[in-house]
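What follows is each chain in one-letter form.
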Amino acid sequence: MSRFLNPFTDVGFKRIFGQEFSKPLLLDFLNNLLKGERVITDLKFLDKEQPAEFRDDRSLIYDIFCETDNGDRIIVEMQNREHPNFADRCLYYASQAISRQGERGTEWNYHINAVYMVAFVNFHMEGLGDQFRYDIGLADMATGKPFSGKERFIFLQLPCFKKEADECKNDFERWIYVLKNMETFNRMPWAAKNSVFRKLAEVAEVSNLSKEDRIKYDAALRHYRDTLNAMQGAEDKGLKKGLAIGEEKGLAKGLAIGDEKLEKQKRDFAKEFLTRGCSYQMVKEVTGLSEEELKRL
């Protein structure tokens, strides 16, 4: 059993980022994510209706909804497998967080607080390139000048982050390195020098789970692995089927091309024989072409 939690499970992700006792970790991560833009001094977790604990139809999506000290909303999400219309889904949930800020009555002047969606994606998103981080917002299409900062999306493509521990240059990169590799650690890197990673080691150590939480985590880990194995199996089956169909179509196409070439050769020979004065009957017997086909040459 690994020493530290797998953060790609529902229980692991929410224990690290979605609990009151681990709030300092989320604050540190977000402040490193937004370094140079703003500083968040406090967060509160917002209640929202949660679907069932295990959501096969959503392909292992976990999220946390919170509000900053100045009223901005932040959605932090983990998406483990590629999801159809994932970008549309992000737009939908961010728009919901905006629309919920509306107030009844004529006095409301449409002031809204910003909504940030931070999405860890464990795959390459369709439409994006090979960068690790993408910051997306509302801007003028001609000039690129920002139109509004009230809706912001940050996509972190985890497969594109390939740095090793000694290559990480700042705490944000260290965070990503730890999250990607945490389940393999025997000890938490940087914990000796950085109190945040010491806190992370404490929060994420499997032995520190209560008996009840350990049961939930074991179930979540089994579900995570079983789902990934099932998805991989489906992908492999689909690939094999696609190759088989491709080979079958390729063979059929090759035979069709071969038949077409053979028929052309027959017609060329027949035409040559006929020009030399051979009879239709003889040419028909040699080439196998019908008398009607010979007359059309």
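Note: the structure precedes this text.
Since the structure is predicted, the reported quantities are computational estimates derived from the model, not experimental observations. (Residues numbered from 1 in each chain as written. Predicted model: local features only at pLDDT ≥ 70, side-chain atom pairs only at ≥ 80, totals over all residues. Heavy atoms only, no water.)

### Focus on the nonpolar core
One finds Phe29 and Phe120 to be the most contacted residues of the largest nonpolar core, which totals 55 residues. Those residues in contact with Phe120 that sit more than four places away from it in its chain are Phe13, Phe17, Phe29, Val76, Glu77, Met78, Gln79, Leu156, Leu158, Ile176 and Leu179. In this structure, Phe65, Ala97, Ile112 and Phe153 belong to the second largest nonpolar core, which totals 18 residues. (Core = buried A, V, L, I, M, F, W, Y, C linked by side-chain atoms within 4.5 Å. Buried < 20%, exposed > 50% of the residue type's maximum accessible area, 1.4 Å probe, protein only. Contact = heavy atoms within 4.5 Å.)

### Comments concerning the packing of helix α4 (residues 171-181) against helix α5 (residues 195-204)
The contact between α4 and α5 brings their axes to 12 Å, and the two run at 20 degrees. Judged on the interaxial angle alone, α5 and α4 are roughly parallel. Judged by the sense of rotation from one axis to the other, the crossing of α4 with α5 is right-handed. Side by side, α4 and α5 meet where Asp171, Arg174, Trp175 and Val178 of the first sit next to Val196, Phe197 and Leu200 of the second. Here the residues of the contact of α4 with α5 sort into 5 nonpolar, no polar and 2 charged. (Axes fitted to C-alpha atoms, helices over the stretch in contact; angles between N-to-C directions. Helix = DSSP H or I, 4+ residues; strand = E, 2+ residues; numbered from the N terminus. Parallel < 35°, antiparallel > 145°, perpendicular 65-115°, else oblique. Left-handed = near helix turned anticlockwise from the far one by under 90°. Nonpolar A, V, L, I, M, F, W, Y, C, P; charged D, E, K, R; others polar.)

### Here's the deal with the packing of aromatic side chains
This model, assessed by the stated rule, comprises 19 aromatic pairs. Where Tyr177 meets Trp190, the ring centres are 5.8 Å apart and the plane angle is 75 degrees; that geometry is what we call edge-to-face. Residue Tyr177 is found in helix α4, and its partner Trp190 is found in the loop between α4 and α5; the two are separated by 13 residues along the sequence. Among the residues examined, Tyr177 registers a relative accessible area of 11% and is labelled buried. Its relative accessible area of 24% is what places Trp190 among the partly exposed residues. Here the basic side chain of Arg133 rests over the ring of Phe172, its NZ or CZ set 5.7 Å away from the ring centre. Directly above the ring of Trp190 sits Arg174, whose terminal nitrogen or CZ lies 5.8 Å from the centroid. (Phe/Tyr/Trp six-rings, centres within 6.5 Å; stacked < 30°, edge-to-face > 60°. Lys NZ or Arg CZ within 6 Å of the ring centre and 35° of its normal.)

### A short note on the pattern of salt bridges
For the structure on display, the rule yields 16 salt bridges. Residue Glu37 pairs with Arg152 through a salt bridge whose shortest N-O separation is 2.9 Å. Of this pair, Glu37 sits in the loop between α2 (23-33) and β1 (43-45) while Arg152 sits in strand β6 (residues 146-157), and the two are 115 residues apart along the sequence. Judged by its relative accessible area of 44%, Glu37 is partly exposed. Here Glu183 and Arg225 are joined by a salt bridge, their closest N and O atoms 3.0 Å apart. You can see Glu183 sitting in the loop between α4 and α5 and its partner Arg225 sitting in helix α6 (residues 211-275), a full 42 residues away along the chain. One connected set of salt bridges, linked through shared partners, spans Glu37, Arg133, Asp135 and Arg152. (Salt bridge = Lys/Arg side-chain N within 4 Å of Asp/Glu carboxyl O.)

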